[in-house]
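Remarks on the overall topology
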Amino acid sequence: MATPIIMPKQGNTVESVIIVDWKKQIGEAVAVDDVLCEVETDKATMEVPSTAAGILLATLFAAGDEAPVMETIAWIGEAGEQIPGGEGPGAKGEADASPAAAPVETPAPATAQSPNLRSPISQSPISPRARHLADHKGVDATALAGSGPGGRVIERDVQAAISARPKLTPVAKAMVAEGGFAVPAQGSGPGGRVTSKDLFKEGETGRQKDREAAAPEPTSRPLPPAPEEVTIIPVKGVRKVIAERMLQSLQTTAQLTLNASADARTLQALRKRFKESPEAMELRGVTINDLVLFAVARTLPAFPSLNALFTGAEIHQHRSVNLGVAVDTPKGLMAPVVRSAETLSLRQLSVEAKRLAAACVGGKITPDELNGGAFTVTNLGAFGVESFTPVLNAPQVAILGVCAIQPKPVQRG
């Protein structure tokens with residue numbers, strides 16, 4: 001009997017993951033603990049091992065799809081064994097793509113005059129992410145040829161269809177959005193842009209072609225527009241989830257920015273002393289950022305209203321300082337958590353912050369190391385940034401943005 005492979009939980013707050021890549025292909029032998037696929041959350045990239053041995057019979061999500069945790073993502077069993085249908089959201093798409101799992105039909109006997117009731121295009125499966133994008137952008141996904149496994153329509157197929165559509169002027173776009181108008185293959189505007197005059201009412205396709213046929217041939221043909229050099233970078237995976245959560249933070253929380261300056265000369269002098277200290281003290285690697293984190297960790301206990309989470313109905317004030325440290329990585333911004341930072345010495349805090357940052361950049365950070373923070377520090381001083389507004393790492397109630405050290409005139413006495 002075929003065994004379902006369940007997407008395991010990836011931390012307490014992760015509800016879904018994105019399939020990055022399948023390490024095993026359908027029909028390939030799989031042993032227990034073999035890596036089936038690589039997945040990523042908004043925080044980290046992880047490997048999903050197999051919990052059964054046999055032949056990989058089916059994968060219910062394609063690379064790039066979002067898969068809910070604790071749902072079936074694949075089936076493993078004996079060669080040629082059938083898999084149950086209708087198991088979870090992904091199984092439906094797999095069943096549509098598999099003739100063996102398709103619903104039984106009893107159509108009338110085919111004749112030379114009887115049309116095929118189910119075209120191959122209409123049976124093409126589509127990933128949940130691609131279906132959402134197609135619905136949002138008004139793309140007929142049933143007319144697309146899928147480039148995913150088994151002809152599955154995936155997100156990049158919908159993106160390509162969107163890119164191939166003619167560009168509309170703002171007025172034409174508004175008229176199409178209101179409904180009742182169809183868009184020609186090419187417009188009369190600059191670069192083939194479709195204007196409001198090019199639109200025609202739906203159902204008048206034939207008359208539109210007649211008008212185009214009756215139009216006089218231009219005496220001189222315009223030069224073809226120069227191709228635009230545009231690089232399209234799909235926003236997906238960790239970057240997409242981070243973008244969605246930052247937008248949600250801005251839309252659901254009342255955010256206020258306060259700016260203040262402090263004399264940094266003592267901080268710089270202390271940093272210089274550490275760089276010149278004996279190697280045995282292990283303080284030469286302490287940075288300005290480490291000193292800021294140390295100061296925050298020792299100050300927050302005196303201000304419990306900032307070391308807190310807001311759940312919507314309650315405020316949870318924390319006694320320990322579980323300090324989030326913003327880290328820029330190739331996949332986007334992450335905030336690993338230094339646990340009980342107020343109990344660590346300066347050297348211990350420096351070592352732990354560097355270890356977590358390296359794990360984020362190398363993709364080795366674990367979900368538990370990214371959860372549980374009650375306050376976050378984000379430092380853009382190394383980039384020379386003089387002022388910025390950090391976005392709250394909800395449900396945290398506060399975040400400290402640190403800028404570059406700048407020379408300024410100050411009053412003494």
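Keep in mind that what you see is a predicted model, and the values were worked out from it rather than measured.

The next thing to look at is the overall build of the protein chain. Summing up its helical and strand segments, the protein chain has nine helices and 18 strands in all. Relative to its full complement of 413 residues, the protein chain shows a buried share of 34%. Contacts in the protein chain between residues at least 24 apart in sequence constitute 54% of all its contacts with a sequence separation of at least 6. As displayed, the protein chain has an accessible area near 25400 Å², and 56% of this comes from carbon and sulfur atoms.

Let us look at helix H3 (residues 155-164). All of the buried residues along H3 are Glu155, Asp157, Val158 and Ala161. Viewed end-on, H3 has its buried residues packed into an arc of 165 degrees, placing them on one side of the element. With respect to the buried face of H3, the exposed residues turned more than 90 degrees away are Arg156 and Ala164.

With antiparallel pairing, four strands are arranged side by side in an open sheet as S5-S4-S2-S7. Where the open sheet ends on each side, the last strands, each with one partner, are strand S5 (45-49) and strand S7 (66-68). In this sheet, neighbouring strand axes are inclined to one another by 45 degrees on average, regardless of whether the strands run parallel or antiparallel. Bridging between strand S2 (residues 16-22) and S7 involves three bridges; their strand directions are antiparallel.

What follows is about the environment of Thr287. Tracing the sequence through the fold places Thr287 in the loop between helix H7 (265-275) and helix H8 (288-299). Look at Thr287 and you get partly exposed, because its relative accessible area is 27%. Sequence separation between Thr287 and Arg271 is 16 residues; the distance between their C-alpha atoms is 6.8 Å. When near neighbours in sequence (up to four residues on either side) are disregarded, Thr287 contacts Arg271 and Lys354.

Here the focus is the nonpolar core. The biggest cluster of nonpolar side chains holds 26 residues, and the ones touching the most others in it are Leu293, Val296, Leu323, Ala341, Ile365, Phe375 and Val377. Counting residues per element, the ones that place at least two in this core are H8, strand S13 (323-325), helix H9 (346-361) and strand S17 (375-379). No other element matches the five residues that H9 contributes to this core. Beyond its immediate sequence surroundings of up to four residues, Phe375 is in contact with Val296, Leu300, Leu306, Asn307, Asn322, Leu323, Gly324, Gln396, Ala398, Ile399 and Leu400.

Turning next to the confidence of the model for the protein chain. As a note on interpretation, predicted positions should not be read in detail where pLDDT is low. With 82% of its residues at a pLDDT of 70 or more, the protein chain shows a mean pLDDT of 80. Counting contacts from residues 86-123, a segment whose pLDDT is below 50, to residues more than four positions away or on other chains yields 28 contacts.

Right, let's get into unusual backbone geometry. Between Ala394 and Pro395 the backbone carries a cis peptide bond, its omega angle lying at 10 degrees. Positive phi values are uncommon outside glycine, yet Met70 reaches one of about 65 degrees. Here Met70 lies in the loop between S7 and strand S8 (72-77).

Let's shift gears to the pattern of salt bridges. Opposite charge on two side chains permits them to pair, given that their charged atoms come into close proximity. One pass over the full model with this rule turns up nine salt bridges. Measuring nitrogen to oxygen at the nearest pair gives 3.7 Å for the salt bridge that ties Asp34 to Lys24. Placement of the pair is Asp34 in the loop between strand S3 (29-30) and strand S4 (35-40) and Lys24 in the loop between S2 and S3, with a sequence separation of 10 residues. With relative accessibility at 24%, the residue Asp34 sits in the partly exposed group. With its nearest N and O atoms 3.0 Å apart, the salt bridge here joins Arg347 to Glu282. Of this pair, Arg347 sits in helix H9 while Glu282 sits in the loop between H7 and H8, placing them 65 residues apart in sequence. Relative accessible area serves as the criterion here: at 32%, Arg347 is assigned to the partly exposed category. Via salt bridges that share partners, Lys24, Glu28 and Asp34 belong to a single interconnected network.

This part is about the sheet that holds S8. Spatial ordering of the open sheet is given by S1-S8-S6-S3, a layout of four strands whose pairing is antiparallel. Across the chains shown, the open sheet's two edge strands, defined by having one partner strand only, are strand S1 (3-6) and S3. In this structure, strand S6 (residues 54-59) lies alongside S8, joined through four bridges in antiparallel fashion. Its bridge partner lying in S8, Leu56 is registered against Ile76.

Moving on: the packing of H8 against H9. Remark: H8 packs on H9, axes separated minimally by 10 Å, with the N-to-C direction vectors making an angle of 115 degrees. In terms of crossing hand, the pair formed by H8 and H9 is right-handed. Residues Asp290, Leu291, Leu293, Phe294 and Ala297 of H8 pack against Leu346, Leu349, Ser350, Ala353 and Lys354 of H9. Tallied by class, residues from the contact of H8 with H9 come to seven nonpolar, one polar and two charged.

About the cut-offs
- Residues numbered from 1 in each chain as written.
- Predicted model: local features only at pLDDT ≥ 70, side-chain atom pairs only at ≥ 80, totals over all residues.
- Heavy atoms only, no water.
- Helix = DSSP H or I, 4+ residues; strand = E, 2+ residues; numbered from the N terminus.
- Buried < 20%, exposed > 50% of the residue type's maximum accessible area, 1.4 Å probe, protein only.
- Contact = heavy atoms within 4.5 Å.
- Areas by Shrake-Rupley, 256 points an atom, 1.4 Å probe, with all protein chains shown as cover.
- Arc of directions from axis to C-beta.
- Pairing = 2+ DSSP bridges.
- Axes fitted to C-alpha atoms, helices over the stretch in contact; angles between N-to-C directions.
- Core = buried A, V, L, I, M, F, W, Y, C linked by side-chain atoms within 4.5 Å.
- pLDDT = per-residue confidence, 0-100.
- Salt bridge = Lys/Arg side-chain N within 4 Å of Asp/Glu carboxyl O.
- Left-handed = near helix turned anticlockwise from the far one by under 90°.
- Nonpolar A, V, L, I, M, F, W, Y, C, P; charged D, E, K, R; others polar.

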